Amino acid sequence: MKAFEVMDEKITGTEKTDEVSIILEVKNLDFYYGDHQALKNINMNIKRNRVTAIIGPSGCGKSTILRCINRMNDLIKNTRVEGEILFEGKNIYQKDVDPVQLRRYIGMVFQNPNPFPKSIFENVVYGPKMHGIRNREMLQKICMESLIRAALWDEVKDRLHKSALSLSGGQQQRLCIARAIAVEPEIILMDEPASSLDPIATNRIEDLIFELKSRYTVVIVTHNMQQAARIGDYTAFFLNGELIEYEETDSIFVNPKNEKTADYLRGKFG
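Note that this is a predicted model, so its numbers are computed, not measured. By convention here, each chain's residues receive numbers from 1 onward along its written sequence. Note on the predicted model: pLDDT of at least 70 is required for a residue's local features to be given, and 80 or more for side-chain atom pairs to be given and counted; whole-chain, interface and lining totals, by contrast, use all residues. For the side-chain quantities, the full set of heavy atoms in the structure was used; hydrogens and water were omitted.

Visitor: How would you summarise the pattern of salt bridges if you had to cite specific residues and measurements?
Guide: A pairing counts as a salt bridge when a side-chain nitrogen of Lys or Arg comes within 4 Å of a carboxyl oxygen of Asp or Glu. Inspection of every chain in the model, using the stated rule, returns 20 salt bridges. A salt bridge links Lys129 to Glu122; the nearest nitrogen and oxygen atoms lie 3.1 Å apart. Burial classes: relative accessible area under 20% of the type maximum marks a residue as buried, over 50% as exposed, and values in between as partly exposed (1.4 Å probe, protein chains only). What makes Glu122 partly exposed here is its relative accessible area of 23%. Salt-bridge contacts for Glu184 lead to Arg215; the nearest nitrogen and oxygen are separated by 2.7 Å. Note that Glu184 is positioned in the loop between helix 8 (169-181) and strand 7 (187-191) and Arg215 in the loop between helix 9 (199-212) and strand 8 (217-221), a separation of 31 residues in sequence. Note on conventions: DSSP H or I runs of at least 4 residues are helices, E runs of at least 2 residues are strands, and numbering of each starts at the N terminus.

Visitor: Now, about the packing of aromatic side chains: what can you tell me, with residues and values included?
Guide: Think of it this way: a Phe, Tyr or Trp ring, Trp meaning its six-membered ring, pairs with another when their centres are within 6.5 Å, and the plane angle makes it stacked under 30 degrees, edge-to-face over 60, tilted otherwise. Following the criterion strictly, the structure yields 5 aromatic pairs and no others. Relative to Tyr264, the ring of Phe237 lies with its centre 4.9 Å away and its plane at 25°, an arrangement referred to as stacked. With Phe237 in strand 9 (residues 234-239) and Tyr264 in helix 12 (residues 259-265), this residue pair connects regions lying 27 residues apart in the sequence. Of the aromatic side chains, those joined through ring pairs into one cluster are Phe237, Tyr264 and Phe269. Two conditions define a charge located above a ring, namely a distance within 6 Å from the ring centre to NZ of Lys or CZ of Arg, and an angle within 35 degrees of the ring normal. When the ring centre of Tyr32 is taken as origin, the NZ or CZ atom of Arg80, which lies over that ring, is 4.0 Å away. Taking NZ or CZ as reference, Arg179 lies 4.1 Å from the ring centre of Phe116, over its face.

Visitor: Lay out the nonpolar core in plain terms, naming residues and giving numbers.
Guide: The biggest cluster of nonpolar side chains holds 45 residues, and the ones touching the most others in it are Ile120, Leu147, Leu160, Leu175, Met190, Ile209 and Leu212. Whether two residues are in contact is decided by their heavy atoms: any pair within 4.5 Å suffices. Residue contacts for Leu175: discarding those within four places in its chain leaves Pro115, Ile120, Asn123, Val124, Leu147, Leu152, Ala164 and Leu167. Here, nonpolar core means buried Ala, Val, Leu, Ile, Met, Phe, Trp, Tyr and Cys residues that are tied together by side-chain atoms lying within 4.5 Å of each other.

Take a look at the structure:
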């Protein structure tokens, strides 16, 4: 299957098509932390090359669904998944799916920038090197292309071998995005990527997300409803572990179908 077979070709930069199709299907998904059910019968389809924003109050399951999509929850003891998540038609929870391999195609950017204590260059090429690329010229090409796509190249091209920790917070977050896309994923998951950034850096991240969707599928968790309205093609509203409403963003914000969604958007709770 394409999602788990084509890696070398993708790293060299295969362009995506403009076809709008479903890349990820969540079917009857339940998730448990011990005896606590954090997600309840979630069903949603994620469209290719679109931005899907996930909103809702704290503790509603936003980050949990994100971590289910690339199996980061596997790292937490005493958890249980029921149901299916189909990535390009294959259930990612089948026994023959290697979570490490899966994360080559479903990358993640976390709330706080987390660059490695290495050079900018080594941060970007870390993934490709882990997956067997050793040719220096190819690594340099991957580094440059990834930093260009992350809108960071012009700011760091003369200091690629300086520590990534010397960058500003906003630059570090864009570096983490460059690191995520260096292995040419299909999907980029973002867990409140701008929550710790100032307004200028936040605007840059939002502009970058808009550019990235021409090549990647983006799923972003955000506590900022205005941000969801600005960047989301689709918006999903979660409450108490349930998916209350999932529609095109304009529909959600202009004419929500569910009264709970309307109340949340009006600020009645959250």
